[in-house]
Amino acid sequence: MIGGLAVLLALLAQVMLVNRVSLPAGGAPDLVLLTVVGSVLERGPSSGAMLGFFAGLMVDIMPPTAHLVGQYAFVLAVVGYVAGRGAGGPVTTVVLCVLLAPLLATVVAGLISDPRVTLSTLTEQAPVTIVYTLLAAPIVIWLTTRDGHARFST
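Keep in mind that what you see is a predicted model, and the values were worked out from it rather than measured.

Draft legend 1. Broad picture of the environment of Val-78. With respect to the helices and strands, the residue Val-78 is situated in helix α4 (residues 71–85). Val-78 sits in the partly exposed class, given a relative accessible area of 27%. With residues up to four places along the chain from it excluded, the contact list for Val-78 reads Leu-100 and Leu-104.

Draft legend 2. Just the packing of helix α1 (residues 2–16) against helix α2 (residues 31–40), in detail. With their axes 8 Å apart at the nearest point, α1 and α2 run at an angle of 165° to one another. By the angle between their directions, the pair α1 and α2 is classed as roughly antiparallel. The two elements α1 and α2 meet at a crossing, and its hand is right-handed. Of the residues in α2, those touching α1 at Gly-3, Ala-6, Val-7, Ala-10, Leu-11, Ala-13 and Gln-14 are Leu-31, Val-32, Thr-35, Val-36 and Ser-39. Of the residues belonging to the contact of α1 with α2, the class tally is eight nonpolar, four polar and no charged.

Draft legend 3. Broad picture of the environment of Leu-135. Within the secondary structure, Leu-135 sits in helix α6 (residues 119–145). A relative accessible area of 60% places Leu-135 in the exposed class. Along the sequence, Leu-135 and Leu-57 sit 78 residues apart, while their C-alpha atoms lie 25 Å from each other.

Draft legend 4. A look at the packing of α2 against helix α5 (residues 90–111). Where α2 meets α5, the axes come as close as 10 Å, and the angle between the chain directions of the two elements is 140°. For the pair α2 and α5, the crossing hand works out as right-handed. Within the contact between the two elements, α2 uses Leu-33, Leu-34 and Val-37 and α5 uses Val-94, Cys-97, Val-98 and Ala-101. Among the residues making up the contact of α2 with α5, the classes are represented as seven nonpolar, no polar and no charged.

Draft legend 5. Spotlight on helix α3 (residues 45–61). Between its first and last C-alpha atoms α3 spans 24 Å; for 17 residues at 1.5 Å apiece the expected length is 24 Å, and the two agree. Looking only at α3, the buried set comprises Gly-48, Leu-51, Gly-52, Ala-55, Gly-56, Val-59 and Asp-60. The inward-facing, buried residues of α3 contact α1, α2 and α4.

What counts and what doesn't
Residues numbered from 1 in each chain as written. Predicted model: local features only at pLDDT ≥ 70, side-chain atom pairs only at ≥ 80, totals over all residues. Heavy atoms only, no water. Helix = DSSP H or I, 4+ residues; strand = E, 2+ residues; numbered from the N terminus. Buried < 20%, exposed > 50% of the residue type's maximum accessible area, 1.4 Å probe, protein only. Contact = heavy atoms within 4.5 Å. Axes fitted to C-alpha atoms, helices over the stretch in contact; angles between N-to-C directions. Parallel < 35°, antiparallel > 145°, perpendicular 65-115°, else oblique. Left-handed = near helix turned anticlockwise from the far one by under 90°. Nonpolar A, V, L, I, M, F, W, Y, C, P; charged D, E, K, R; others polar. Expected span 1.5 Å × (residues − 1).

Laid out in structure tokens, this is it:
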């Protein structure tokens, strides 16, 4: 319940604030991704996949959307599962998920022949998104995990 509310708030902040700010290199941090990862660190892989799927579905249907419905739901379900499994510690898990999400989203878009996805998407846009998301990660992860303690030890 709390994870879903946090994802909804992150989605609204993403659409109404973050996506409207013009940052250098044309990227923006992915607050929904970070909120899913932060919320799932304590819950495990099955809850992570479910929360990721429904968060991705909300992203898919939230205007302005320019991709097929279900595309980002798949990506966030995989990321939620990976985050729920953990990768050695919270920091490693967050970095792995932040690296995985844009790359997986680009690969999925390429597999379904999205005409907007080119090699420059992978070489120019994905790295900028990864950098901005990693810069925003400490704040968002702290906000989503401050009520509980991560189940991983550092």
